Each structure stands twice: as structure tokens, then as C-alpha cells.
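Per-entry structural report
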Amino acid sequence: MTIEARPSPPAGVAIPSLPWIARRSAERGLVVAAGVLGILGLVAVHAAMYPAESWDPVVASAVALAGFVVVHIALVVADNRGDEVLLPAAAGLSAVGLVMIYRLRPDYAVRQAAWISLGLTALLIALGTLADLRWIRRYRYLCAVVGLVLLVLTVLVGVERNGARQWLVIGSFTLEPGEIVKLLLVAFFAGVLAEARPLLTLPGPRRWRAELGRLGPLLLVCVGALLLLVFQRDLGLAMLYYGMFLAMLYIAIGRFDHVLAGLVAFAAGAALCYHWFAHVRVRVDVWVNPWADAAGRGYQILQGLFALASGGVTGAGLGAGHPELMPASYTDMIFPAIGEELGAVGTFMVVALYLLFLGRAFRAAVRADGPIDGLVGAGLAAALSIQTFVILAGSTRLIPLTGIPAPFLTYGGSAAVSNCIAVALLLAISDRGERAAADARDGRPNP
Amino acid sequence: MVGRTRNVARLLAALFGVLLAYLACVQVIWGPQLAASPQNPRLALEAERIHWGRILDRRLTVLADSAGTGPSQVRRYPQGPDFANVLGYRSRRYGLTGIERRYDLALLGLPLTDPWEALQEVLGRAPQGNDVVLTLDAAVQAAAVRALGGARGAIVVLDPRTGGVLAMASRPGFDPRAIDAQWATLSHDPASPLFNRATQGQYPPGSSFKTVVLTAGLGSGRVRLTDAVTCPESIDVAGALIHNFEHEQFGQISVLQAFVASCNTAFVQIGQRTGAASVLAAARAYGLGQAVPYDLPTAGGYLPPLPDLGVRGLAQMSFGQGSLLVTPLQMALVAATVGNGGVMMRPFVVSQVRAPDGRIREAFAQRGSRRVIPATLALQLRQAMIQVVQRGTGTAAQLPGVTVAGKTGTAENPHGRTHAWFIAFAPAERPTVALAVIVENGGVGGDVAAPIARQVLAVALPAQTAAGARP
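Residues numbered from 1 in each chain as written. Chains lettered and ligands numbered in written order. Predicted model: local features only at pLDDT ≥ 70, side-chain atom pairs only at ≥ 80, totals over all residues.

Structural notes on the overall build of chain B
Note the threshold: Secondary structure elements are defined from DSSP: runs of H or I of at least 4 residues count as helices, runs of E of at least 2 residues count as strands, and each element is numbered from the N terminus. Three classes are used. A residue is buried when 20 or more other C-beta atoms lie within 10 Å of its own, exposed when 12 or fewer do, and partly exposed in between, with C-beta atoms placed from the backbone. In this description, a residue-residue contact is defined by the distance between C-beta atoms placed from the backbone, which must lie within 7 Å.
On a plain count of helices and strands, chain B comes out with 18 helices and 19 strands. Scored against the burial criterion, the 471 residues of chain B give a buried share of 53%. Restricting to contacts in chain B with at least 6 residues of sequence separation, those with at least 24 account for 68%.

A word on the overall build of chain A
Helix and strand counts for chain A come out as 14 helices and 3 strands. In chain A, which comprises 447 residues, the proportion classed as buried is 53%. The long-range fraction of contacts in chain A, counting pairs at least 24 apart against all pairs at least 6 apart in sequence, stands at 75%.

With respect to the interface of chain A and chain B
Stated precisely, the cut-off is as follows: Nonpolar residues are Ala, Val, Leu, Ile, Met, Phe, Trp, Tyr, Cys and Pro. Charged residues are Asp, Glu, Lys and Arg, and all others, Gly as well, are polar.
In this assembly, 37 residues from chain A lie in contact with 29 residues from chain B. Listed by contribution, the elements that provide at least two residues to the side of chain A that touches chain B are helix 8 (235–253), helix 11 (299–311), helix 12 (334–366) and helix 13 (371–395) of chain A. Residue composition of the side of chain A that touches chain B, by class: 26 nonpolar, 11 polar and no charged.

Points about the packing of helix 13 of chain A against helix 1 (residues 2–29) of chain B
Angle between the axes and distance between the axes are the two parameters that describe a pair of packed helices. Where we set the bar: Axis lines are fitted through C-alpha atoms, for helices just across the contact stretch, and the angle between N-to-C directions can take any value from 0 to 180 degrees. To sort the angles, those under 35 degrees are grouped as roughly parallel, those over 145 as roughly antiparallel, those from 65 to 115 as roughly perpendicular, and the leftovers as oblique. Handedness of each helix crossing follows the sense of rotation of the near helix against the far helix: counterclockwise by less than a right angle gives left-handed, clockwise gives right-handed.
Contact geometry for helix 13 of chain A and helix 1 of chain B: axes closest at 11 Å, N-to-C directions at 15 degrees. What the angle tells us is that helix 13 of chain A and helix 1 of chain B run roughly parallel. Once helix 13 of chain A is placed against helix 1 of chain B, the crossing between them reads as left-handed. Contacts from Gly 374, Ala 378, Ala 382, Ser 385, Phe 389, Leu 392 and Ala 393 of chain A of helix 13 of chain A reach helix 1 of chain B at Thr 5, Val 8, Leu 12, Leu 15, Phe 16 and Leu 19 of chain B. Residue classes in the contact of helix 13 of chain A with helix 1 of chain B are distributed as 10 nonpolar, 3 polar and no charged.

Digging into the pairing of strand 18 (residues 416–426) of chain B
Residue and element names in this part refer to chain B. Counted only if it meets this: Strand pairing is defined by DSSP finding a minimum of two bridges between the two strands.
For strand 18, a buried count of 9 out of 11 residues is recorded, marking the element as mostly surrounded by other parts of the structure. The sheet contact formed by strand 17 (residues 405–413) and strand 18 spans 8 bridges and is antiparallel. Bridge assignment links Gly 409 to a residue of strand 18, and that residue is Trp 421. Two successive antiparallel strands, strand 17 and strand 18, enclose a turn made up of 2 residues. Note that strand 18 and strand 19 (residues 433–439) share 7 bridges and pair antiparallel. Directly across from Ala 420, in strand 19, lies its bridge partner Val 439. Where strand 18 folds back onto strand 19 in an antiparallel hairpin, the turn is made up of 6 residues.

Focus on the confidence of the model for chain A
All names here are of chain A. Condition: Per-residue confidence from the predictor is reported as pLDDT, which spans 0 to 100.
Of the residues in chain A, 94% reach a pLDDT of 70 or more, and the chain-wide mean stands at 88. Confidence drops under a pLDDT of 50 for residues 1–6, and excluding neighbours within four residues, the segment shows 3 contacts in the predicted structure. Counting contacts from residues 8–12, a segment whose pLDDT is below 50, to residues more than four positions away or on other chains yields 9 contacts.

Considering the environment of Met 349 of chain A
Along the chain, the position of Met 349 of chain A falls in helix 12. The spacing of Met 349 of chain A and Leu 93 of chain A is 256 residues in sequence and 9.6 Å in space, taken between C-alpha atoms.

Quick word on the sheet that holds strand 7 (residues 153–158) of chain B
Residues and elements named next belong to chain B. Reading across the sheet, the 5 strands line up as 8-7-19-18-17 and stay open at both edges, with antiparallel pairing between neighbours. The open sheet has two edge strands with one neighbour each: strand 8 (165–171) and strand 17. Going from strand to strand, the sheet's axes swing by 5 degrees on average, the running direction of each strand aside. As paired strands, strand 7 and strand 19 are joined by 6 bridges and run antiparallel to one another. Its bridge partner being in strand 19, Val 157 is matched across the sheet by Leu 435.

Re the sheet that holds strand 14 (residues 350–354) of chain B
Taken in spatial order, the 6 strands make up an open sheet running 3-2-1-6-14-15 (chain B), and their pairing is mixed. Each edge of the open sheet carries a strand with a single partner, namely strand 3 (74–76) and strand 15 (360–363) of chain B.

Focus: the nonpolar core
Using the following cut-off: By definition, a nonpolar core groups buried Ala, Val, Leu, Ile, Met, Phe, Trp, Tyr and Cys residues that connect through C-beta atoms lying within 7 Å of each other.
Residues Ala 190, Tyr 241, Met 244, Met 248 and Ala 361 of chain A are the most contacted members of the largest nonpolar core, which totals 155 residues. At 17 residues, helix 8 of chain A tops the list of elements feeding residues into this core. Excluding residues within four positions of it along the chain, Met 248 of chain A makes contact with Phe 189, Ala 190, Leu 193, Leu 375, Ala 378, Gly 379 and Ala 382 of chain A. Judged by nonpolar contacts, the second largest core, of 137 residues, contains Ala 258, Val 389, Phe 425 and Leu 435 of chain B.

Focus on the pairing of strand 7 of chain B
All names here are of chain B. Counted residue by residue, strand 7 has 6 buried out of 6 residues, so it is predominantly covered. Here strand 7 shows two buried faces, one formed by Gly 153, Ile 155 and Val 157 and the other by Ala 154, Val 156 and Leu 158. Bridging between strand 7 and strand 8 involves 6 bridges; their strand directions are antiparallel. What sits directly across from Ile 155, in strand 8, is Ala 169. Joining the antiparallel neighbours strand 7 and strand 8 is a turn of 6 residues, in which Gly 163 adopts a positive phi near 90 degrees.

Thoughts on the confidence of the model for chain B
Per-chain confidence: chain B averages 91 in pLDDT, with 96% of residues scoring 70 or above. If you check the scores for this complex, the pTM reads 0.69 and the ipTM reads 0.92.

Let's talk about helix 1 of chain B
Given 3.6 residues per turn, any residue in an α-helix points the same way as the ones three and four places further on. Selection rule: What a helix should span is 1.5 Å times the count of its residues minus one.
Taking 1.5 Å of rise per residue, 28 residues should cover 40 Å, and helix 1 of chain B covers 39 Å from first to last C-alpha, within 8% of that figure. Looking at helix 1 of chain B, one finds that the buried residues are Thr 5, Val 8, Ala 9, Leu 12, Phe 16, Leu 19, Leu 23, Val 26 and Gln 27 of chain B. Among the structural elements, helix 8, helix 11, helix 12 and helix 13 of chain A together with helix 2 (31–35) of chain B are those in contact with the buried residues of helix 1 of chain B.

Comments concerning the packing of helix 5 (residues 135–157) of chain A against helix 7 (residues 208–231) of chain A
Residue and element names in this part refer to chain A. In contact at an axis separation of 10 Å, helix 5 and helix 7 are set at 15 degrees when each is read in the N-to-C sense. Classified by the interaxial angle, the pair formed by helix 5 and helix 7 is roughly parallel. Crossing of helix 5 over helix 7 shows left-handed handedness. Together, Ala 144, Gly 147, Leu 148, Leu 151, Val 152 and Val 155 of helix 5 and Val 221, Gly 224, Ala 225, Leu 228 and Phe 231 of helix 7 make up the contact between the two elements. Class assignment for the residues of the contact of helix 5 with helix 7 results in 9 nonpolar, 2 polar and no charged.

Notes on unusual backbone geometry
Residue Pro 172 of chain B follows Arg 171 of chain B across a cis peptide bond; omega there is -5 degrees. That bond from Ala 426 of chain B to Pro 427 of chain B is cis: its omega, -15 degrees, falls within 30 degrees of zero. As for its position among the elements, Pro 427 of chain B is in the loop between strand 18 and strand 19. Positive phi, normally seen in glycine, also occurs at Ala 328 of chain A, with a value near 60 degrees. Position of Ala 328 of chain A among the secondary structure elements: in the loop between helix 11 and helix 12. We note that Glu 246 of chain B has phi near 50 degrees; this positive angle belongs to a residue other than glycine. Here Glu 246 of chain B is to be found in the loop between strand 11 (240–243) and strand 12 (251–254). Overall, the presence of 8 C-beta atoms within 10 Å leaves Glu 246 of chain B in the exposed class.

Right, dumping it as C-alpha cells:
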């Protein structure tokens, strides 16, 4: 199923274009498999729970899943040579998400299908417009400014939902700016770091002033974003952005003292937040001992644990459990909901899908052609990994729970769009990387 | 940059590895215990869907079944409310207690592990919980409750060979059907009918504790049954006078006679010769001072720590007074251990979990054992206890044709009249029944508790013979 298995073309010949039907055949099979499994799940939920209701959610979800096939066809037509597992893994996770959202909140299923369709449209547009990442060199500061403005706007006119996360309301739509800012910050960090890299990785004595001059804006934006997030109580996003920043800094510059300073700063910041903010204390205390207030603040996290425990190995079956006992079952607590109805088999499958997707994202970053591609790829891979871990581990009480969407799984439009754009960028990065690798292998000069 | 990207990927992969290991723990390893938490509302929701399993005695007499479906399902108790302190209640408002609570998952048939049953459930058949079979014998339990009558107290009857509990009575009792209706009365009643005295009541043991002191004395080699002691009317211990019950005095007697006549002043000397450390060690060996592992919640009682025991403390402990506290279950185990040749069987009351079609899912013949004292020592103690019933303070426990071994206790306490104790096993040569009886503020053990023990033994012994005759 891998691309390397194909015989290399003879040296000195431009990479031949395969006939359409032979391109991305692994991806085709996997995307179709993900879609079929998703539709089976939706039909099962419909039959078990809403046999007398309209089929609209099932049809809408099936259409959304078919969208992945459309994206596949677009990639074939565009002769993308990039990774063939990224899209199917995203499709698989989206399918699980659609099935669970239909099961948990049938009234939201059609909307989630629409969000995924919108996200896939954004994916195609991004492939056409943003794929060549050289724009980052020019617009990196614009990214930072737009990102910060979005966060400031959220603080100023944002609406609070679910106690923590802030939303921007535009007409009848609510926008979760954090998801878009995530992409903007990756672009900004990548732009600044790619530029600063040659200087900062030179051998010889440290040049403190130059270092500060190069990294100063980075630090400034990072601290600014964190302050805004702490101000709006969004600890999950704060953790995500900070982790992203540290990972990209380390990857770009590779100095251990940066990482150490970053971790010390994180510990200090966390301690200060715990000391200053009651809501942080509540989160931590509830994590340490949810039993102390089992019917109150500990309720959500305990119900999550009970959901996982009641699921056991094979789960209660779709529609046969009680995940509705968990507040926010279709957003923050969707992973325990999967655990209850699909069991450890289900949660392990979901984690496996994530590992597949994230592994392939890192692979694209490792094989990327050039520092911007490499940094954006690694930044996206790290961001999505951290985000996934924070919410999966948080909703299962491995770490304190901070609300943040699980990529592709959780209900939400902003997340769908942002993650689909991330897939587009990763596919473009992977495409260039594979082409460059093929060129190098065949002895063609790098254009 | 490539190497560092890989490092970051490795670090994050390790985090996901931790997540997977943790998920395996929560969902698979800790799962069943966590899901059984009373804080988990899923159980109550499931309970409305499932036809609750029955609770049966060892002859499969139905002690609890249920009628109705869904929210109108109610427990029925064909044998009456005599078993309530063991079975517990099942209330939608006040939760579960007793076996209902401990075996809730089994009674609800959760988790549904059998694919065939899962399929039948999908096909719309109302799911049926498992039956729980107890070691209790309905006839013995009824006899125990009847023997206590209107008195406050408890009786624990067990099979010393297995540890299986034949009866466990706690009076006053309650009607488990009336929990919702009479909660305010029941929960505020000063006689504490909801309190399971048999396992959680903590009382001074009085002279029944002399069995433990004699164990320590004989076991340490510092005392022999034939040694001479004096039994004056009172004895001076560090300036405090300790009196015999009803000012009895027997002059110079043997240790055996002191035990048979239950002479306090003689036992003060036996305790002094044995030493506090040995007495406490023997008490601990019998499991006193610590909660007995059992299917229902148990209390541990109290053993004073050695440094707190002065000369007076040791003297009071020698006849079972002072700060000592024991539960009826613990004292029944003392008798059972002596009767069983020095080996204590871990007590249990659930012997089987059966599927609705009668298939046995889980079965226990016993739950483990522990040698407490050497067999020769157990033999000596048995002889002493036989004498108590034949010609000592426990003659009221005599049964025609059966040798009963026992020890009386009359425990002073701050709540008024003395508690009447009797611990016993029978037939003394090959015991099939061991028991402990306590009547709170009942008076003298030999007069009040021993006759009750006789009534219970009169039912329990034939019941054991009948049970032993079955395959």
C-alpha cells in the first residue's frame, strides 16, 4: 500500500505521470473503506435508536463522507504525489465522529455533516491557493497580527459557552477562533524560525543580542497569545499553543537550553495560574480527587470514567450505553462516549487512527523539501498531536480536563475547517517532499 | 532538523503510549470495579431494564425475588424479613445495602459477557440478572431470629469446617419492603434496626474472652490446665480491687476449674503469668482488633496497644473487660477456630452465582484458611470448653445426645445491664456448627445467652447433618 513499493522510474527521465486510475490507489481503497464503515455505523445507529425518524442525518453524513472521495479525485487529477494515508485517516476519524454525534445529538448530525463538507471545500481551496508555502516568508507577521486580533476580539466581544471556551458570534454562526489562530501561529512560527535558523544554528560563540532580536517577536506573540487565553480561561488552547511553540523552537534551533527554559517557564506559569485563578484550582482539584464533589464539579470527569469503565473491552454497543449522562458528550467528552459504546476496542481503534494520521504528518515533515515546509509540517503535526493528547487524556482523567476539540472527531465547524486546511498543507508538503526525493534518487537537479 | 522532528514525534508517541496503557487499565483492568461504584448512575438505569436476580439460601429456598417490570419492579421476600440484615435493601431512593449492594452487578447480570444473551437482548427479551446463592440456611436463620425474640442482640452461626455462615441474625430488624415508607423512623430509631450488629456491633467480650487468654497462657507454656490458682472474692491489682461475679469465691483451684467456673480473680493471675504481650498476640491471631474480610461490611473492634496496657489494663483484659471491643462475628470465629482444630476458615456467605438458566457462573466451597493455634492446643481448649457446658457456667446449653463446647460471658458496659454472651461449637468431637450469641443488656451469659444458643443448635445440628448427607 505504500508509495515506495513502486518501481523507481529510470534515471534521467522526468517523473512520469501514471494513468489516472493507477494514481493514489491505496488512498482510494482506504477512503472508500472509511466511508463504508462510517455509513454502516450511521445505519446501525439509525436502526437501533431512531428507526421511525427521518433518514436525513444518515444521508447528509454519507454525502459528507463522499466528500473525501471527491478530495481524493481532486488529488488524483492534480497528480499529488503526497502521502496516501493522511486523507483516509482523517476520513476514518470524521466517520467515527459523525456516527457518535448522530448517536449523541441527532439534531446536530446534519450540521456536522455540513461542517465536514465545508471543511473539505476549504481543503480543496487551500490546496489550490495556500499549498505553495512561500507566502509565509512574506506574510508571516500578518499571520501573527491577524491571530492576535482574533484572540483580542474574542476577549472583547466573545461569548462564553460551556464555562470556558470563548466563541465569536457572527450572525447565526459561532466561530471558534482558536482553531484558525492555531494555523496562523504555525505559519508565523515557521516563517520566523526558518528565517532565524541560519544565524542561530551557526557554530561558534552564542550571540545573545542577535538571538533575542530574532526570537523576540516570536516570544512576544507567544506570550501575548497565552495571556489572552489565560484571560479568557481557555487553558486547553494555551497548552496547545505553548506546546506548539516549544516543539517548533526545538525543531528549528535545536538548543536544549531553550527547551529547558521553556519547561521551567511552563511550570512557573502553571503554578502561578493555580495560585491566582480559582477556575484553574477547581480543574486541578477535580482532577486529583473527583470523588470529593462527585455530584458537582467532579460529575463530568467521574461520568467519563464510568463511561469508559462501563464500556469494558467491547462496549455496550451503539445506542446501548448511557453516554448522555456526561455533560458535553458530543464535544469534550466524545472520547469516553466512544469508550462506553464501542469499548476498549473502539478507543484503541480511534487512538490507532490518530497515531496513523499523526505519524504520517510527522513523516511528511521529516521528508519535507526545505525548512519552511519542514517547519510547517512539523508544527502542524505537533499541534494536532498535542491537541489530540490534551483532550483524549483530559477527558479520561489522565491529565486535568481542559476543553479543546479532538481533531476530526468533535462536533464543530471551525475545527473542521482548520483541520482540513492542515490536511491540505500536509498533503502539499508531502507532495513536494516526495517529488524532491524522487528527483534526488533519480539524479535530477532540484529545480 | 529531521532528527529533532523525529525526537518530537517520539516524545509525543510515548505520550500516546501512556494513554493507551492507561485506557487499558481504566476500561479493562479497573473497569468492573469502577463501573460498580454506587456513584455510577448507569447501574440504576440498568436496574430498571433488568429483571433482578434472586437471592437463595443453601437449599435454594428463595429469600428474595422480584415482581413487576421497569420502574414498578419490586423485591419480594417469600421467607419474610428475617434475612434483611444480610440481604440488605434495594431502594430507588436510599440505594442498596448488604448482599444487594455487594452483588449488585451479579444480580443485574452485568457486564453482559455472554454473546448469546447479548443477542437475545437485542431480540427484545427482557434481560434477567443472575441468582446469588448464600450459605445461609433459612431454617437456622429463622431459629436464630426466633430465639432472640424481642431482645436486642445478634447471633452468628457458621460451619467451622468451611467458614460458611449458616445464620446471621441482628435484632431489632427491619422490613426491607418498608424502607422507603418508614425511612425516617428506621434511620432515627435509637435501637438502630438498620445496623447489622452481627458484623458491625462492637461489644466488650466479657468472660468469653477468657478463651483467648487461656489460649495465650497455654500457648506460651507459662500456664497449664492443672496449675493451681486461687479464686478469692476479690483481688488487689495496683491498688484497685477486682471482684468476682456475684462475689463468688472457690479458694484454691486449677486453671481448668477457673475457666469452667469463669473466675475473674483467678484469670487476673493467669493473665499476669501469661503476660500482656502474649495475650494481645493471641487476640490478634484470632483476628480480633481488625476487620474480618467478609462479603458484608465488618467492624474491627478494638485491642488496646501494648504500651497503653498497665498492670490494671492487663488485669481487666484477662476477663474481657477494659477497653476491649469485639464483634459477634469475631467471637463466632474464635469458637469455630477452636472447634476446627486451630484452623480459622475465612467466613463467607455467598457460595454461588448462578445464571438465570441455573448454570453456575461462580462457586466457592471456601474462601481460604489460616492456622491460628496448634492442633494440640485446640484440643486442650476444646476439653475446657466441654467442661464449661457439662458442669460449669454454660450448662443451659446442654443438648441431649450431643456434646456441646462453649464459653459464657457477662460483659459489663456503660449502657446498663451486662451483655450476655455465649460462644460454642458442637458436636464437640467433630464440630459442624460454631456460634456466638450476644444479648445486649440481657444479663448473665449462662442464664440468657446459653439457652438461646441451645435453641439455635437444636435446629442447626440436624440441618447440618441433613446438608452433609446430601451429595
